Amino acid sequence: MKSSTFVMVHVGQSTEAQRNLIHGIETLSWGFPEEKPEYRDAHPQFALLATGASPRVQLEDWLEDTATLYLFQVRGGFYEGRSWHWPDEEAERRLKYPQRFGIEPLARLENIPLGPKGPLTEAGSDAIRRSGTDRGMGKLVQMPAQRLLELAGIPFDPNEPEDVPLDKSPGFTAEQVEGKKKPQRRRRGAGYISDPKKRKAIELHAENHAVAHYEKNGWTVERLGKPYDLRCTRGTEELHVEVKGTTGAATSVELTINEVLHARDKDNTVDLYVVSDIKVDTRTDPYTASGNKVTLFTDWEPAEEDLRSRISTVHGTCGSNRFPAGVIFPLYAHEDRASR
């Protein structure tokens, strides 16, 4: 079987670790305390975050245990983040996980054997254990993805297992994180920022950056907000711009159905302008934002195969209901159509 490059990570059961796991899933980003030499030229295809098993045991005992595995596709490779992104970074007002990469949820697998009866190679399983004894630092391994994809029910080409059809993978949401010390949270959408002042600062910074870009290129810019963010005119030309901002990686953006339909309308010329790695200073009033990494899709018209439904889970007295809650546009899957 063909081997793929995996980033293997152990996530502890502390409240802080589980909160960071939830936030990473919501914002499609993961990070480590420092750069390792092996990260520099690495281009992993998958990430596996494991939780529920104690790593401070001998390998033979570890292989007898089980864990919950969160399988992700890696987006964009490693980069150095400059913004406070995870809850404990915000609380301590310092970068704790600057070595980052984007993640796209594929499947959540419960009670998976870590030994020969499970889908992992011994080297892959041991890499998770070693991560847990090394501050959660990711360990790179070569491992076939086929057994994990089969277990998750994800169709794949045996010759190209990395080419995962996102619209046919089950995915998962942060609400599905189940730990012994899971922090209590209300329902959140992917990438949702709970602090409205911070969310406003991010949105305004991304929009200001986009306005400056288009004005520099000779456009007259009008801020609308709805049904799209910016209306740009230059002579007889008219351009509409959707703007998205995040403190994390430029992995995917969440879109409403109306935003998709507007971009597909043949009467409209639409750009998608994404600003990532935004740093927000919450000591000021109002909050101030800085920094940027721009991904720009010009003449953007998302096709059906470009999109993945976002499923949200609502818990009620009669159990859980899953329903479509907009769509996800994966940026790196289509970066050949983007200019930066």
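Residues numbered from 1 in each chain as written. Predicted model: local features only at pLDDT ≥ 70, side-chain atom pairs only at ≥ 80, totals over all residues. Heavy atoms only, no water.

Chemist: Would you mind going over the overall build of the chain with me for this structure?
Modeler: Within the chain, the regular secondary structure consists of seven helices and 17 strands. Out of the 340 residues belonging to the chain, those deemed buried represent 54%. The long-range share in the chain, meaning contacts at least 24 apart out of those at least 6 apart in sequence, stands at 70%. A total of about 16200 Å² of accessible surface is found on the chain, and carbon and sulfur atoms cover 46% of it. (Helix = DSSP H or I, 4+ residues; strand = E, 2+ residues; numbered from the N terminus. Buried < 20%, exposed > 50% of the residue type's maximum accessible area, 1.4 Å probe, protein only. Contact = heavy atoms within 4.5 Å. Areas by Shrake-Rupley, 256 points an atom, 1.4 Å probe, with all protein chains shown as cover.)

Chemist: Whenever I open this one, helix α1 (residues 15-27) confuses me. Can you help?
Modeler: Two residues of an α-helix separated by three or four positions point the same way, owing to the 3.6 residues in each turn. An ideal rise of 1.5 Å per residue puts 18 Å on 13 residues; α1 measures up with 18 Å between its terminal C-alpha atoms. Among the 13 residues of α1, 10 are classified as buried, and the element is accordingly described as predominantly covered. Along α1, the residues classified as buried are A17, Q18, N20, L21, I22, H23, G24, I25, E26 and T27. (Expected span 1.5 Å × (residues − 1).)

Chemist: In this structure, what is going on with a negative patch on the surface? I would like to understand it.
Modeler: On the surface, E60, D61, E64 and D65 cluster together to form a negatively charged patch. Within the secondary structure, E60 sits in helix α2 (residues 59-62). The class of E60 is exposed, set by a relative accessible area of 51%. (Patch = residues over 30% accessible without salt bridge, like charges linked within 9 Å, V, L, I, M, F, W, Y side chains within 5 Å. Salt bridge = Lys/Arg side-chain N within 4 Å of Asp/Glu carboxyl O. Lys, Arg positive; Asp, Glu negative; His and termini not counted. Charge placed at Lys NZ, Arg CZ, Asp CG, Glu CD.)

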